[in-house]
Amino acid sequence: MYKVLIVDDEAPARGRLSKAVRGMGHVDVVGESSSGEDAVAMLARKQPDVVFLDIEMPHGDGFYVVEEGIKRGFSPEVIFVTAFDRFAVDAFEFGAIDYLLKPAEVPRIRIALDRAIERLQQRSANERAEKMQAFIEARRAKLSENQNGREREDLWLKDRGQTHRVAPAEILFIEADRDYVKIETSAATYHVRGTIADFEKRLADHGFLRIHRSLIVQKDVVSSLISKGQNAFEIKLSDGKRLTVGRSYNKTAKEAFGLLSTAS
């Protein structure tokens, strides 16, 4: 009996995959996960043979799950599942056995699983780990080259059933909102599941700065840092919006911007 883990942040997608897999007699669905961090933990607990893995997720994307799994000594066969075919090259470079576009039909899901099981029988865990580790290193080199060449790395934001492509340069600021974040751009506002810490990490190389425990801002859209007395500050954006700087972030903000204006 082969153990299967299903990882996707959308419940309907997990349900479709689970239903298709459970109809096959030689496999057992040992768990489902909705985020990258939880998926890494489940790899350790469940030690699956095959993982159906979404790419765009909160708390770590699918590539993060693969990397962290390798670090911990887990190298199941991976079937990436996503709404975007732009990830296909990276998915196969990562050593994935297959790549499913949502919404995948049951016959296609089962074909992918059969391929994964066939390759499980052909390759040892060490061989899988070595192949995937090599492509992890290659991908890091590619990302580094892209950043040095200033290639745009867009975000794909899921908001109320639609997925939007947003360039980091379009984002003014991001604000925490319980289990979601509010992403404010010059053209629209998006509510996306995730955390400030997630987006702070993802946008660290794109000129964003944490100014409050619940706020990060793009430095290029800041027009002034305004003193409000008693070591309190606000940041004024180029569109006129004002954001409060958390007291523990005052020094960071002043070092990043300088005190451009002391007038309130």
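Every value quoted in this text rests on a predicted model; they were computed, and no experiment measured them.

Q: Explanation requested: the sheet that holds strand β13 (residues 222–229) in the structure shown.
A: What links the strands of a sheet is backbone hydrogen bonding, and the strands pair in either a parallel or an antiparallel sense. The strand order across the open sheet formed by three strands is β13-β14-β15, and the pairing between neighbours is antiparallel. Both edges of this open sheet fall to β13 and β15 (242–245), since each of them pairs with a single strand only. Ignoring strand direction, the axes of neighbouring strands in this sheet form an average angle of 30 degrees. The pairing of strand β14 (residues 232–237) with β15 spans four bridges and is antiparallel. Its bridge partner being in β15, Glu-234 is matched across the sheet by Thr-244.

Q: What should I look at first to understand the pattern of salt bridges in this one?
A: Side chains that differ in charge, positive against negative, can pair when their charged atoms come close. Using the criterion set out here, one finds 11 salt bridges in the structure. When the shortest N-O distance is used, the salt bridge between Glu-77 and Arg-119 registers 3.0 Å. Of this pair, Glu-77 sits in strand β4 (residues 77–82) while Arg-119 sits in helix α5 (residues 106–122), and the two are 42 residues apart along the sequence. Summarising the burial analysis for this pair, Glu-77 and Arg-119 share the class buried.

Q: Can you walk me through the side chain of Ser-33 in this structure?
A: Here Ser-33 lies in strand β2 (residues 27–33). Among residues more than four places away in sequence, those in contact with Ser-33 are Ile-6, Val-7, Asp-8, Arg-14, Asp-38, Ala-39 and Met-42.

Q: Can you help me understand the pairing of strand β10 (residues 189–193) in this one?
A: Looking along a regular strand, one sees side chains alternate from face to face of the sheet. Of the two faces of β10, the one lined by Tyr-190 and Val-192 is fully buried and the one lined by Thr-189, His-191 and Arg-193 carries no buried residue. Judged from the five bridges that link them, strand β9 (residues 180–185) and β10 form a sheet pairing that is antiparallel. Bridge assignment links Ile-183 to a residue of β10, and that residue is Tyr-190. The antiparallel pairing of β9 with β10 creates a hairpin that spans three residues between the two strands.

Scoring rules and cut-offs
Within every chain, residues take consecutive numbers counted from 1 along the sequence as written. Given that the model is predicted, a residue must reach a pLDDT of at least 70 before its local features are reported, and side-chain atom pairs must reach 80 or more before they are shown or counted; all residues, however, enter totals for whole chains, interfaces and linings. Based on all heavy atoms of the structure, the side-chain values leave hydrogens and waters out of the count. Two strands pair if DSSP finds at least two bridges between them. Only DSSP runs of H or I with at least four residues qualify as helices, and only runs of E with at least two residues qualify as strands; both kinds are numbered from the N terminus onward. Between the N-to-C directions of two axes lies an angle of 0 to 180 degrees, each axis being a line fitted to C-alpha atoms and, for a helix, fitted only over the stretch in contact. For this document, the term salt bridge refers to a Lys or Arg side-chain nitrogen within 4 Å of an Asp or Glu carboxyl oxygen. Type-normalised accessible area, obtained with a 1.4 Å probe on protein chains alone, sets the label of each residue: buried when under 20%, exposed when over 50%, and partly exposed for intermediate values. By the convention used here, residues are in contact when the closest approach between their heavy atoms is within 4.5 Å.

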